[in-house]
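Fold and geometry: a report
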Amino acid sequence: LNVGFVADIGPLSMSFDWWEIDKEDNITTPTIQSALEQGFFFFGSDSRLNVLQNLQNFAQAQTQGQDLDMRLNVGATPVGNLTVRALGTHYTRQRTRTTSSSPWAEFNGTYATPRWRSSYIATLEKGPWTFQGLWRTTAGFYDTAQPAQNFNQVQTLRRVGVHEGPDMTATYRGFRNTVLTFAVKNALDNMPPFSATNATNNNFTQSGFAELYNNRGRFWQATASYQFR
């Protein structure tokens, strides 16, 4: 479901969307508490409790949020034609439930599910050259895989900080049918903020920071494309 509008006011263009995505029989991994509640456990020969967290078709997952996109064409400047853009997504729900009669478990703002993301972009065009600077920002979150209603059961509830950084790109179109692109991603070599959750939970693959971040750090990129006509 998506409802929104688009408006153009002189050099300013903007759009706003409210959206909701519902998934049924969604495949995911149950939490330890959810697995225990469903009886997915057994006691081994050494009397140790074994909890089974196999993939399941959960009854429903629901994500809801708003998107805002604003673009301003500044126009001609001494160094070229300038356009600035700001866009972001704000999440109001990121929740699941195991059966159609179960209460919702709200994970918005918990491990790897930040409440918002945003990008700010400046594009400068001069002859065959296009230069672009992009600043990405991802909100922090509570460092726990427990849903919000279980926060009172977590002994220490720490926050993972905001993660942000720039990308720089230069594109050259001076050759016929050819586009050359040079870029540096994560130009400031910002490391993702530390998270302890994936170091203590076998459901996650990276150790030290959430899966929504890339561990490459700063890297350079060059591409060339040619269109045959």
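A few points on the structure. What you see is a predicted model; the values in this text were computed from it and never measured.

Structural notes on the packing of aromatic side chains
- Taken as a whole, this structure holds nine aromatic pairs when the rule is applied.
- Judged by centre distance (5.6 Å) and plane angle (5°), the ring pair of tryptophan 129 and phenylalanine 131 falls under stacked.
- The class for tryptophan 129 is partly exposed, based on a relative accessible area of 32%.
- The class of phenylalanine 131 is partly exposed, set by a relative accessible area of 37%.
- Geometry around tyrosine 142 places arginine 159 over its ring, the cationic atom sitting 4.6 Å from the centre.
- The aromatic ring of phenylalanine 219 is capped on one face by arginine 216, whose charged end is 4.0 Å from the ring centroid.

Considering the environment of valine 84
- If you trace the backbone, valine 84 turns up in strand S6 (residues 80-97).
- Of the residues examined, valine 84 reaches a relative accessible area of 32% and is grouped as partly exposed.
- Separated by 144 residues in the primary sequence, valine 84 and phenylalanine 228 place their C-alpha atoms 32 Å from one another.
- Not counting residues up to four positions away in its chain, the partners in contact with valine 84 are Met70, Arg71, Leu72, Val74, Ile121 and Ala122.

Let's talk about the pattern of salt bridges
- If you walk through the whole model with that rule in mind, you get five salt bridges.
- For the salt bridge of arginine 93 with glutamate 20, the shortest nitrogen-to-oxygen distance reads 4.0 Å. Of this pair, arginine 93 sits in strand S6 while glutamate 20 sits in strand S2 (residues 12-28), and the two are 73 residues apart along the sequence.
- Overall, arginine 93 belongs to the partly exposed group, its relative accessible area being 29%.
- Take glutamate 20: its relative accessible area is 16%, and that puts it in the buried class.
- Here arginine 48 and aspartate 46 are joined by a salt bridge, their closest N and O atoms 4.0 Å apart. Residue arginine 48 shares its accessibility class with aspartate 46, and that shared class is exposed.

Digging into the environment of lysine 23
- The topology assignment puts lysine 23 in strand S2.
- You can call lysine 23 partly exposed: its relative accessible area is 44%.
- Between the alpha carbons of lysine 23 and alanine 61 there is a distance of 5.1 Å; along the sequence they are 38 residues apart.
- Residues within four places of lysine 23 in sequence aside, it is in contact with Ala59, Gln60 and Ala61.

Some words on a nonpolar patch on the surface
- Judged by side-chain polarity, Ile32, Leu36, Phe41, Phe43 and Leu49 come together as a nonpolar surface patch covering roughly 460 Å² of accessible area.
- On the secondary structure map, phenylalanine 43 appears in strand S3 (residues 41-43).
- Residue classification places phenylalanine 43 among the exposed positions, given a relative accessible area of 57%.

Re the side chain of threonine 130
- Of note, threonine 130 is situated in strand S9 (residues 129-138).
- Polar side-chain contacts of threonine 130 include one of 3.5 Å to the side chain of arginine 173.

Some remarks on the nonpolar core
- Core analysis: the biggest nonpolar cluster contains six residues, these being Tyr111, Phe141, Val160, Phe209, Ala210 and Tyr213.
- Each residue touching phenylalanine 141, except ones within four places of it in the same chain, is listed here: Gly109, Thr110, Tyr111, Ala112, Pro114, Arg158, Arg159, Val160, Ala210, Leu212 and Tyr213.

Parameters and conventions
Residues numbered from 1 in each chain as written. Predicted model: local features only at pLDDT ≥ 70, side-chain atom pairs only at ≥ 80, totals over all residues. Heavy atoms only, no water. Phe/Tyr/Trp six-rings, centres within 6.5 Å; stacked < 30°, edge-to-face > 60°. Buried < 20%, exposed > 50% of the residue type's maximum accessible area, 1.4 Å probe, protein only. Lys NZ or Arg CZ within 6 Å of the ring centre and 35° of its normal. Helix = DSSP H or I, 4+ residues; strand = E, 2+ residues; numbered from the N terminus. Contact = heavy atoms within 4.5 Å. Salt bridge = Lys/Arg side-chain N within 4 Å of Asp/Glu carboxyl O. Patch = residues over 30% accessible without salt bridge, like charges linked within 9 Å, V, L, I, M, F, W, Y side chains within 5 Å. Areas by Shrake-Rupley, 256 points an atom, 1.4 Å probe, with all protein chains shown as cover. Polar contact = N/O pair within 3.5 Å; in protein donor to acceptor, adjacent residues only side chain to side chain. Core = buried A, V, L, I, M, F, W, Y, C linked by side-chain atoms within 4.5 Å.

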